[in-house]
Amino acid sequence: MIKSRSLFQIIRAHKLLATVTLVITVVLMNVFTMVLVKPYYSSEIDLIATQSKNGDTATKNIQTYQDLIKTPLVLAPVHRELVQKYGYQGSMTDLKNSIDTTTEEGSRVFTVTAKGERPLVVRYIANRSATLLETEASELVNPSNVRPLKIGKTAVHRHQLNPWIVVTLSVLTGMLLAVLLSIWRDISNAKVSRQYLDEADHLHVIETLKLDDTITL
Amino acid sequence: MAWFKRHTGGQTTVVFEQPHAKQVANQLRALRTTLIQNHPRARTIQVTSPNIREGKTFVAANLAVAFARIGQQTLIVDANFGAPTIHQIFTGAPSGGLVEALNNHNRNQPVATQYENLDMMPILTAQDSMGDQLAQPRFKQLLVSWSQQYDRVIIDSAALLNEPDAQIISTLVDATLLTLRVGRTKKQPVEDAQALLRVAQAQNLGWLAID
């Protein structure tokens, strides 16, 4: 089909189609990304487990604290306050899923990260859940071995697609579509069309048969 | 779009016996009228196409029926040695066919079909190209004999660009009718087929476009 002509020649023969396809694809993909793909925010807060008087480190309880922060004991008040203050519409499960905890092995520090679409909400989730954990943990774990957690700094980060990545992907996609459409157009043009028969005076068409799907040749 | 029309595969339709194919039947009647008025002396007509599956058997079979329906004694000859199908479209009781006739078997005469005024000379089993036999005087003698017996002789031959048979036949018949399928036949084979007939100095009736 395209063996007799190089790809470059095919594209050059249909350069208008290729150019229009490329431009439309780039524009549509970038508009789609800007309009429909929204950024999200994350807020992190570091928590430090203090050492007990008898020398036991609190690192053993880090996992417990990480589990505790996702329980209804901590999250239920947070959820209630979010609904009241910010009109939060997510469920308890949504709230739980928006929180991640991470820690390094052997470290007394663990990080609570909240993610969401509203910066104020994610900051509130991170701060409030950390505050409640400090309040509730000392009542649940052996009080004589646990000292209050110290709260570190709070940060909010905005996340969105790198625009250069979007532009690059859209250009590559547009180029691919342009090539495919050019090849398709080249193949289509190789076939006899109604217009070709009307314009080709040297081909004497004496009759045209219009068939429907019920006719078998 | 023409791409999604599937007309091949299955028994060729004889449109004159299909109530839903009146429009196509009328178009074929128009073709018949054109041939009668513009080419009254064309008694032997070959139907061919640049490549396979471009409607030549459909046109040949239905054109033959069209002529038979107006009382013209018509013979349809299957000269598509590689893919003979006329004996599948028309019922008859041939003891032999064109191959046997070319080999000087005098017993092999055309046989009547289910249509009044229409006989057929089929090919019973597929063969390789018989260009050499077609070029010999025997085939021309057969054509002359048939044109004396019948008002019209319609020859369904092989694709023009695939085998030399159609080109050879085009030099022996009164006229050649070419078929093509819009949206399927490529432009270059159309040009090549037209050029081939010009080189052979054949009488080209023109193109029948199947859409």
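Residues numbered from 1 in each chain as written. Chains lettered and ligands numbered in written order. Predicted model: local features only at pLDDT ≥ 70, side-chain atom pairs only at ≥ 80, totals over all residues. Heavy atoms only, no water.

Bringing the overall build of chain A into the picture now. The secondary structure content of chain A amounts to eight helices and five strands. Listed N to C, the secondary structure of chain A is α-α-β-α-α-α-β-β-α-β-α-α-β in terms of helices and strands. Considering chain A as a whole, with its 217 residues, one finds that 34% of them fall into the buried category. Carbon and sulfur atoms provide 59% of the accessible area of chain A, an area that totals close to 13,200 Å². (Helix = DSSP H or I, 4+ residues; strand = E, 2+ residues; numbered from the N terminus. Buried < 20%, exposed > 50% of the residue type's maximum accessible area, 1.4 Å probe, protein only. Areas by Shrake-Rupley, 256 points an atom, 1.4 Å probe, with all protein chains shown as cover.)

This brings us to unusual backbone geometry. Peptide bonds are mostly trans, and most non-glycine residues show a negative phi. In the Ramachandran plot, Asn117(B) falls in the positive-phi region, its phi being about 70° despite a non-glycine side chain. The topology assignment puts Asn117(B) in the loop between strand 3 (111-112) and strand 4 (118-121).

We now examine helix 2 (residues 15-36) of chain A. All names here are of chain A. Spanning 22 residues, helix 2 covers 31 Å between terminal C-alpha atoms, matching the ideal 32 Å at 1.5 Å per step. Every buried residue of helix 2 is listed here: Ala-18, Thr-21, Thr-25, Val-26, Asn-30 and Thr-33. Looking straight down helix 2, one finds that the buried residues subtend no more than 140° of arc, so they occupy a single side. The exposed set on the far side of helix 2, more than 90 degrees from its buried face, consists of Leu-16, Leu-28, Met-34, Val-35 and Leu-36. Tucked inside the fold, the buried residues of helix 2 contact helix 1 (7-13) and helix 7 (163-189). (Expected span 1.5 Å × (residues − 1). Arc of directions from axis to C-beta. Contact = heavy atoms within 4.5 Å.)

For the rest of this paragraph, the subject is the pattern of salt bridges. Applying the stated criterion across every chain yields a total of four salt bridges over all chains. Salt-bridge contacts for Asp211(B) lead to Lys210(A); the nearest nitrogen and oxygen are separated by 3.1 Å. Taken together, the residues Asp211(B) in the segment after strand 7 (204-210) and Lys210(A) in the segment after strand 5 (205-209) connect one chain to another. Look at Lys210(A) and you get partly exposed, because its relative accessible area is 44%. (Salt bridge = Lys/Arg side-chain N within 4 Å of Asp/Glu carboxyl O.)

Turning to the packing of aromatic side chains, a few remarks are in order. All names here are of chain A. According to the stated counting rule, one finds three aromatic pairs over all chains in the structure shown. Their ring planes at 25° and their centres at 6.4 Å tell us that Tyr-65 and Phe-110 sit as a pair that is stacked. Here Phe-110 lies in strand 3 (residues 109-116) and Tyr-65 lies in helix 3 (residues 62-68), a separation of 45 residues in the sequence. The exposure classification of Tyr-65 matches that of Phe-110, with both residues buried. (Phe/Tyr/Trp six-rings, centres within 6.5 Å; stacked < 30°, edge-to-face > 60°.)

To continue, consider the confidence of the model for chain B. Across chain B, the average pLDDT comes to 89, with 94% of residues at or above 70. Here the complex is predicted with pTM 0.65, and the ipTM for its interfaces comes to 0.85. (pLDDT = per-residue confidence, 0-100.)

Next up on the list: the sheet that holds strand 7 of chain B. Strand order in this open sheet of eight strands is 5(A)-7(B)-6(B)-1(B)-5(B)-2(B)-4(B)-3(B), and the pairing throughout is mixed. For this open sheet the edge positions go to strand 5 of chain A together with strand 3 of chain B, each flanked by a neighbour on one side alone. Against the sheet, helix 2 (residues 56-69) of chain B contacts strand 5 of chain A together with strand 1 (44-48), strand 2 (74-79), strand 4, strand 5 (152-157), strand 6 (175-181) and strand 7 of chain B, and its axis sits at roughly 170° relative to strand 5 of chain B. (Pairing = 2+ DSSP bridges. Axes fitted to C-alpha atoms, helices over the stretch in contact; angles between N-to-C directions.)

A few words now on the nonpolar core. Membership of the largest hydrophobic core comes to 41 residues, with the highest contact counts inside it found for Val15(B), Phe58(B), Ile76(B), Phe90(B) and Leu177(B). Sorting elements by how many residues they give to this core places helix 2 of chain B first, with ten residues. In this structure, Leu75(A), Phe110(A), Val122(A) and Tyr124(A) belong to the second largest nonpolar core, which totals 26 residues. (Core = buried A, V, L, I, M, F, W, Y, C linked by side-chain atoms within 4.5 Å.)

Moving on, we get to a nonpolar patch on the surface. On the surface, Val23(A), Val27(A), Val31(A), Phe32(A), Met34(A), Val35(A), Leu36(A), Val37(A) and Leu161(A) cluster together to form a nonpolar patch covering roughly 850 Å² of accessible area. Within the secondary structure, Leu161(A) sits in the loop between strand 4 (150-159) and helix 7. (Patch = residues over 30% accessible without salt bridge, like charges linked within 9 Å, V, L, I, M, F, W, Y side chains within 5 Å.)

The next thing to look at is the side chain of His14(A). Residue and element names in this part refer to chain A. Structurally, His-14 is set in the loop between helix 1 and helix 2. Take His-14: its relative accessible area is 11%, and that puts it in the buried class. Those residues within four positions of His-14 in sequence are excluded, and the remaining contacts are Ser-182, Arg-185, Asp-186 and Asn-189.

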